[in-house]
2 protein chains.
Amino acid sequence: MTVSGCVMCERVAGEGDLHIADLEVSRAYLNEDQFFPEGVFVVLRRHASELYELSPSERTALIQDVNRVAAAFARVFRPAKRNDELLGNQVPHIHWHLIPRVAGDPDPRWPVWRLEHAPARLPAGELRERIGAIREALATDG
Amino acid sequence: MTVSGCVMCERVAGEGDLHIADLEVSRAYLNEDQFFPEGVFVVLRRHASELYELSPSERTALIQDVNRVAAAFARVFRPAKRNDELLGNQVPHIHWHLIPRVAGDPDPRWPVWRLEHAPARLPAGELRERIGAIREALATDG
C-alpha cells in the first residue's frame, strides 16, 4: 500500500542516489544530511505509521533489518554508541533513523536533535564511496 | 548480568515508585520527568548496550515488549504520534524512550530533545494515578 503525497512512500518506490540495500521488509538509504556521518534511514516498504500497525512477524522482520544495518556498521565504523530512533513527527511512515555516534561527535551526551546545523550534503564521489563502504559492511554479514 | 555503577542495572533490580509492569525481557517504568506526559522507559532486564548484542529471539521479544506498551497507550491516550527511541548516550544499557506526542505538545514537529525544561515531577497521588492508568491499559491487551 502506498499513500499519495507520502514522501517515504515515494522514496521506497525507487532507489535513487541514496539507496544502500534492500532488506526483508524495508530498504536502507543514506541520510542526505551527513552532518552526523554515516546516518542511515531504514524505511518500511509499505505504508504504516506505528509499530502496532504491523503484524508480529513484520515487527520482528523490521527489528532484524534494523539490527542487520546496525551490526554491519559496528563492525566497520566502530561507533562509540548508536542511536536507533523511530520518530515520524513530520513524516508518519515508519522509518528508523540509524545514527552512529562516532569520534569527534559534537554533542555525544545527547540525541542529535539539539544542534541546529546546515545540512551537510556530500559531493557525488564521496556519496558513492560512503554508500559503497556500507554495502561492503552489509555483505560481510553473519 | 548486572554491571556495577550502571543506573539502569540498579533500576531493573527493583521496582520503586515508577515501576509500571514486567514484560517478557524488560520492565516498564514511568519517566520521572513528565514534561512530555506519559513518557515511559522500557528497560532490558539484563545489561547490554546495543541491539546486536542480543540474540535474535531476545531482539524479537524486546520489540514485542515495546510494542505492547505502545499499543496499550494508543488505545487509551490516543496520541497524535509516538516516538520510540533507543539512545543510551549517557546510560549505555538498552532502554527505550516511549514518548506519546499528545494534544498540546509544545514542539510536535520535532523529537523532544530540543526543548530545555525543568523536569516536571508529579506529586505522589498523580504519579500513582498515571501509573494506574497505564497498567489498566496494559491489562486490556489482545
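Before going further, it helps to examine the pairing of strand β2 (residues 26-30) of chain A. Residue and element names in this part refer to chain A. Burial of β2 is extensive: five of the five residues sit out of reach of the surface. Residue alternation in β2 divides its side chains into two sets, Ser26, Ala28 and Leu30 and Arg27 and Tyr29, and both sets are buried. The sheet contact formed by strand β1 (residues 19-22) and β2 spans three bridges and is antiparallel. In the strand pairing of β2, Asp22 is matched with Arg27. Counted along the chain from β1 to the antiparallel partner β2, the turn is three residues long. For β2 and strand β3 (residues 40-44), the ladder comprises five bridges, and the chain directions are antiparallel. Across the sheet, residue Leu30 finds its bridge partner in β3, namely Val40.

With an RMSD of 0.0 Å, the fit of chain B onto chain A corresponds to turning through 180° and sliding 0.0 Å along the axis. Taken together, the rotation and translation describe the operation of a two-fold axis. Comparing interface residues between copies, 100% of those in chain B also lie at the interface in chain A; the contact surface is shared.

This part covers the packing of helix α2 (residues 56-77) of chain A against helix α2 (residues 56-77) of chain B. One way to put it is that α2(A) packs onto α2(B) with a least axis distance of 9 Å and a crossing angle of 120°. Between α2(A) and α2(B), the angle falls in the class oblique. The element α2(A) and its partner α2(B) pack so that their crossing is right-handed. Residues A:Pro56, A:Arg59, A:Thr60, A:Ile63, A:Gln64 and A:Asn67 of α2(A) lie in contact with α2(B), whose contacting residues are B:Pro56, B:Arg59, B:Thr60, B:Ile63, B:Gln64 and B:Asn67. Looking at the contact of α2(A) with α2(B) residue by residue, the class counts come to four nonpolar, six polar and two charged.

With that settled, consider the environment of B:Phe73. On the secondary structure map, B:Phe73 appears in helix α2. If near-sequence neighbours (up to four positions away) are discounted, B:Phe73 is found in contact with B:Glu38, B:Val40, B:Arg78, B:Pro79, B:Arg82, B:Pro100 and B:Ile134.

Let us now look at helix α3 (residues 124-139) of chain B. All names here are of chain B. Across its 16 residues, α3 extends 22 Å between first and last C-alpha, which sits within 8% of the 22 Å expected from 1.5 Å per residue. Listed as buried for α3 are Leu127, Arg130, Ile131, Ile134, Ala137 and Leu138. Seen end-on, α3 carries its buried residues on one side only, within an arc spanning 120°. Along α3, the residues that are exposed and aim more than 90 degrees away from the buried face are Arg128, Glu129, Glu136 and Ala139. Looking at the packing, one finds that the buried side of α3 touches β1 (19-22), β2 (26-30), β3 (40-44) and α2.

What follows deals with the environment of B:Ala13. Looking at the secondary structure, you find B:Ala13 in helix α1 (residues 7-13). Distance in space between the C-alpha atoms of B:Ala13 and B:Glu50 is 20 Å, their sequence separation being 37 residues.

This brings us to the sheet that holds β2(A). Read from one edge to the other, the open sheet built from ten strands follows the order β1(A)-β2(A)-β3(A)-β5(A)-β4(A)-β4(B)-β5(B)-β3(B)-β2(B)-β1(B), with strand pairing classed as antiparallel. One side of each edge strand has no neighbouring strand; the edge strands of this open sheet are β1 of chain A together with β1 of chain B. Strand after strand, the sheet turns through a mean of 20° between neighbouring axes, direction not considered. Pairing of β3(A) with strand β5 (residues 95-101) of chain A involves four bridges; the strand directions are antiparallel. Bridging across to β5(A), A:Val43 finds its partner in A:His95.

All names here are of chain B. Between α2 and α3, the shortest axis-to-axis distance is 8 Å and the interhelical angle comes to 105°. In this view, α2 runs roughly perpendicular relative to α3, as classed from their interaxial angle. In this structure, α2 uses Arg68, Val69, Ala72, Phe73, Arg75, Val76 and Phe77 to contact α3, whose residues at the interface are Ala133, Ile134, Ala137 and Leu138.

Let us now look at the side chain of B:Glu38. Mapped onto the fold, B:Glu38 is located in the loop between β2 and β3. When residues no more than four places from it in sequence are discounted, the contact partners of B:Glu38 are B:Phe73, B:Phe77, B:Leu98, B:Pro100, B:Val102 and B:Arg130.

As a further point, take the confidence of the model for chain A. Averaged over all residues, the pLDDT of chain A equals 94, while 99% of them reach at least 70. Across the interface, the model reports ipTM at 0.93; the global pTM reads 0.95.

In this section: the interface of chain B and chain A. Contact with chain B, which involves 34 residues of that partner, is made by 34 residues of chain A. Interface area, chain B with chain A, both sides summed: about 3300 Å², of which 53% is carbon and sulfur. Area buried by chain B at its contact with chain A is led by B:Tyr52, B:Lys81 and B:Asn89, which between them contribute 19% of it. Linking chain B with chain A are four salt bridges. A salt bridge links A:Lys81 to B:Glu50; its shortest N-O distance comes to 3.1 Å. Between the two partners, chain B and chain A, sit 25 residue pairs in polar contact (both at pLDDT 80 or more).

The rules behind the values
- Residues numbered from 1 in each chain as written.
- Chains lettered and ligands numbered in written order.
- Predicted model: local features only at pLDDT ≥ 70, side-chain atom pairs only at ≥ 80, totals over all residues.
- Heavy atoms only, no water.
- Buried < 20%, exposed > 50% of the residue type's maximum accessible area, 1.4 Å probe, protein only.
- Helix = DSSP H or I, 4+ residues; strand = E, 2+ residues; numbered from the N terminus.
- Pairing = 2+ DSSP bridges.
- Least-squares fit on C-alpha atoms with pLDDT ≥ 70 in both.
- Contact = heavy atoms within 4.5 Å.
- Axes fitted to C-alpha atoms, helices over the stretch in contact; angles between N-to-C directions.
- Parallel < 35°, antiparallel > 145°, perpendicular 65-115°, else oblique.
- Left-handed = near helix turned anticlockwise from the far one by under 90°.
- Nonpolar A, V, L, I, M, F, W, Y, C, P; charged D, E, K, R; others polar.
- Expected span 1.5 Å × (residues − 1).
- Arc of directions from axis to C-beta.
- pLDDT = per-residue confidence, 0-100.
- Buried area = accessible area lost by both parts, 1.4 Å probe.
- Salt bridge = Lys/Arg side-chain N within 4 Å of Asp/Glu carboxyl O.
- Polar contact = N/O pair within 3.5 Å; in protein donor to acceptor, adjacent residues only side chain to side chain.

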